[in-house]
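Structure at a glance
Chain by chain, the residues:
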Amino acid sequence: MKATAKYLFDEDFAAREKPTITLVEAERRRADAESQAHRTGFAAGLAQAQREALTVIAEGLERLHRALAGIEARLETEAVEVAVAVAGKLAPELIAREPFVEISALATETFSHLVKAPHVVVRIGADAYDATKAKLDEIVQARGFEGRLVVLAEPALAPGDCRIEWADGGVARDRAATLATIDDAVARYVAARNSAN
């Protein structure tokens with residue numbers, strides 16, 4: 001093994017050239033460091049302020065979204081209620097004006113499927129019996145119905161309502177039952193919208 005040499009303190013470090021800078025250069029470096037520190041601090045402060053501002057904006061937008069969703073649900077519910085109210089007022093007027101339109105639509109559709117039925121009974125309101133019977137006879141002939149048609153006047157049926165019955169079944173046009181079903185569906189819809197908000 002090689003023996004290590006001892007340090008004898010015989011080397012003069014003072015003789016070497018020491019790095020020196022001028023006072024102007026030192027001031028310039030200090031000013032640069034200070035400027036850099038200022039820019040770094042300013043950028044960090046700006047970033048923090050932007051984050052805080054974005055957080056405030058996001059919270060405000062969330063509150064606005066919730067408020068608008070509530071308004072939208074309320075307007076939608078009110079629109080449904082208005083539409084049902086208008087339809088409830090308009091339907092009786094239209095049926096009073098043209099009571100046979102609904103009966104004709106139901107009869108036309110039904111008799112196209114009952115061509116071979118031996119016997120069909122149509123029950124209608126007594127107030128429009130004569131005109132409705134004549135129009136039903138026309139529909140039956142146009143659809144090629146071969147069976148026997150019986151048209152009966154029933155005072156309990158409202159204008160525009162009717163029941164068509166045959167051996168295997170029947171169909172009915174009952175405005176009161178339809179309105180009750182619509183009212184029930186609207187009430188369930190409104191209740192669901194109100195409970196969701």
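Residues numbered from 1 in each chain as written. Predicted model: local features only at pLDDT ≥ 70, side-chain atom pairs only at ≥ 80, totals over all residues. Heavy atoms only, no water.

**Considering the pattern of salt bridges**
Under the counting rule described, the total for this entry stands at 15 salt bridges. A salt bridge links Arg66 to Glu62; its shortest N-O distance comes to 3.4 Å. Note that Arg66 and Glu62 are positioned in helix H1 (residues 23-97) at a spacing of 4 residues, about one turn of the helix. Judged by its relative accessible area of 49%, Arg66 is partly exposed. Assessed through its relative accessible area of 41%, Glu62 is described here as partly exposed. Across the pair Glu154 and Arg163 runs a salt bridge whose closest N-O atoms are separated by 3.2 Å. Arg163 gets classed as partly exposed once you look at its relative accessible area, which sits at 27%. Here the residues in one salt-bridge network are Glu25, Arg28, Arg29 and Asp32, joined through shared partners. (Salt bridge = Lys/Arg side-chain N within 4 Å of Asp/Glu carboxyl O. Helix = DSSP H or I, 4+ residues; strand = E, 2+ residues; numbered from the N terminus. Buried < 20%, exposed > 50% of the residue type's maximum accessible area, 1.4 Å probe, protein only.)

**Considering the sheet that holds strand S4 (residues 169-173)**
The pairing of strands in a sheet comes from backbone hydrogen bonds and takes either a parallel or an antiparallel form. With mixed pairing, 4 strands are arranged side by side in an open sheet as S2-S1-S3-S4. In this open sheet, the two edge strands, each paired with only one partner strand, are strand S2 (148-154) and S4. Sheet twist, expressed as the average angle between the axes of neighbouring strands with direction ignored, equals 15°. Judged from the 7 bridges that link them, strand S1 (residues 119-125) and S2 form a sheet pairing that is parallel. Bridge assignment links Val121 to a residue of S2, and that residue is Val150. Here helix H2 (residues 100-111) sits on the sheet and contacts S1, S2, strand S3 (162-166) and S4; the angle it forms with S3, its principal contact strand, is near 15°. (Pairing = 2+ DSSP bridges. Axes fitted to C-alpha atoms, helices over the stretch in contact; angles between N-to-C directions. Contact = heavy atoms within 4.5 Å.)

**So, the nonpolar core**
Of all hydrophobic cores here, the largest spans 18 residues; its most connected members are Phe111, Val120, Val122, Leu136, Phe145, Leu149 and Ile164. Secondary-structure elements contributing two or more residues to this core are H2, S1, helix H3 (129-143), S2 and S3. The dominant element in this core, judged by the number of residues it contributes, is H2, at 5 residues. Not counting residues within four places of it along the chain, the set of residues in contact with Phe111 comprises Val120, Val122, Ile139, Val140, Arg143, Phe145 and Leu149. (Core = buried A, V, L, I, M, F, W, Y, C linked by side-chain atoms within 4.5 Å.)

**Description of the confidence of the model for the protein chain**
For the protein chain, per-residue confidence averages 86 on the pLDDT scale, and 95% of positions sit at 70 or higher. Helix H4 (residues 175-196) is the least confidently modelled element of the protein chain, averaging 84 in pLDDT, while S3 averages 92, the highest of any element. (pLDDT = per-residue confidence, 0-100.)

**Quick word on H2**
Spanning 12 residues, H2 covers 16 Å between terminal C-alpha atoms, matching the ideal 16 Å at 1.5 Å per step. Listed in full, the buried residues belonging to H2 are Phe100, Ile103, Ser104, Leu106, Ala107, Thr110 and Phe111. (Expected span 1.5 Å × (residues − 1).)

**With respect to the environment of Val186**
You can see Val186 is positioned in helix H4. Once the C-alpha coordinates of Val186 and Val80 are considered, the two residues, 106 residues apart in sequence, prove to be 7.4 Å apart. Apart from the residues lying within four places of it in its own chain, the contact partners of Val186 are Val80 and Val84.

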